[in-house]
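# Structure assessment
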Amino acid sequence: MPIYEYHCEKCDRKFEFLVLGCDKPECPTCKSPDVNRLLSSCSFFSKGGHGETLKAAAGASSCSGCAATSCSSCGH
Ligand SMILES: [Zn+2]
């Protein structure tokens, strides 16, 4: 069961929420559903600009034009 960390927009508190099925998290203090999920270290790379960096690195290493991991010489 994944436990995520959330931040409540309303009362500015952090809390952890165990996600069961399609349960919607709400703040345990003020019961507000207006919460944001905080990024943990393991899910960080699946969001934002870092995912693009990983994709670019994978594309460079699978170049069909040369054996090098950097394709600046063959243009692929
Ligand atoms: Zn709250």
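To be clear, the structure that these remarks concern was listed above.
My aim in this report is to walk through the structure given alongside it, one point at a time. Starting from 1, residues in each chain are numbered consecutively following that chain's sequence as written. The model is predicted, so local features are restricted to residues of pLDDT at least 70 and side-chain atom pairs to those at 80 or more, both for listing and for counting; the totals for chains, interfaces and linings are taken over all residues. Heavy atoms from the whole structure form the basis of all side-chain values; hydrogens and water molecules are not counted.

### Comments concerning the coordination of the zinc ion
Note the cut-off: Listed donors are limited to N, O and S atoms within 2.8 Å of the metal, widened to 3.2 Å for Na, K and Ca; water is not among them, so incomplete-looking sites are possible. Here a site with four donors is tetrahedral if all angles are between 85 and 135 degrees, and a site with four or six donors is square planar or octahedral if opposite donors are over 155 degrees apart and the other angles are between 65 and 115; anything else gets the irregular label. Secondary structure is summarised from DSSP: a helix means a run of H or I of at least four residues, a strand means a run of E of at least two, and numbering begins at the N terminus for each. Burial classes follow relative accessibility: with a 1.4 Å probe on protein chains only, a residue under 20% of its type's maximum area counts as buried, one over 50% as exposed, and anything between as partly exposed.
Listed as protein donors to the zinc ion are Cys8 (SG), Cys11 (SG), Cys27 (SG) and Cys30 (SG); their distances from the metal cover 2.2 to 2.3 Å. Coordination at the zinc ion comes from four donor atoms whose angles at the metal span 106 to 122 degrees, giving a geometry best classed as tetrahedral. Read in sequence order, the donor residues for the zinc ion give the motif C-x2-C-x15-C-x2-C. Here cysteine 8 is found in strand E1 (residues 3-8), whereas its partner cysteine 27 is found in the loop between strand E2 (14-18) and strand E3 (35-37), with 19 residues between them in sequence. Cysteine 27 shares its class with cysteine 8; the two are buried.

### Description of the nonpolar core
What counts is decided by this rule: As used in this record, nonpolar core signifies buried Ala, Val, Leu, Ile, Met, Phe, Trp, Tyr and Cys residues forming a set joined through side-chain atoms within 4.5 Å. In this analysis, two residues are considered to be in contact whenever any of their non-hydrogen atoms come within 4.5 Å of each other.
Counting seven residues, the largest nonpolar core consists of Tyr6, Cys8, Phe15, Phe17, Val19, Cys27 and Val35. Elements represented by at least two residues in this core include exactly E1 and E2. If we ignore the near neighbours within four places in the chain, the residues touching phenylalanine 15 are Tyr4, Glu5, Tyr6, Cys8, Glu26, Cys27, Pro28 and Val35.

### Quick word on the sheet that holds E1
Just so we agree on the cut-off: In this description, strands pair whenever DSSP reports at least two bridges between them. Every axis corresponds to a line fitted to the C-alpha atoms, with the helix fit spanning only the stretch in contact, and the corresponding angles, defined between N-to-C directions, vary from 0 to 180 degrees.
The three strands are arranged E2-E1-E3 in an open sheet whose pairing can be described as antiparallel. The sheet is open, and its two edges are formed by E2 and E3, each paired on a single side. The sheet shows a mean angle of 40 degrees between the axes of neighbouring strands, direction not considered. Pairing geometry for E1 and E2, over five bridges, is antiparallel. Its bridge partner being in E2, isoleucine 3 is matched across the sheet by leucine 18.

### Quick look at a nonpolar patch on the surface
Our working rule: Only residues above 30% relative accessible area that lack a salt bridge enter a patch, with like-charged residues linked at up to 9 Å and the nonpolar side chains Val, Leu, Ile, Met, Phe, Trp and Tyr linked at up to 5 Å. For accessible areas, the Shrake-Rupley method is used with a probe of radius 1.4 Å. Any residue's cover is judged against the shown protein chains and nothing else. Salt bridge, as used here, is a side-chain nitrogen of Lys or Arg placed within 4 Å of a carboxyl oxygen of Asp or Glu.
On the surface, Met1, Ile3, Leu18 and Leu20 cluster together into a nonpolar patch covering about 430 Å² of accessible area. On the secondary structure map, leucine 18 appears in strand E2. Classification of leucine 18 as partly exposed rests on a relative accessible area of 38%.

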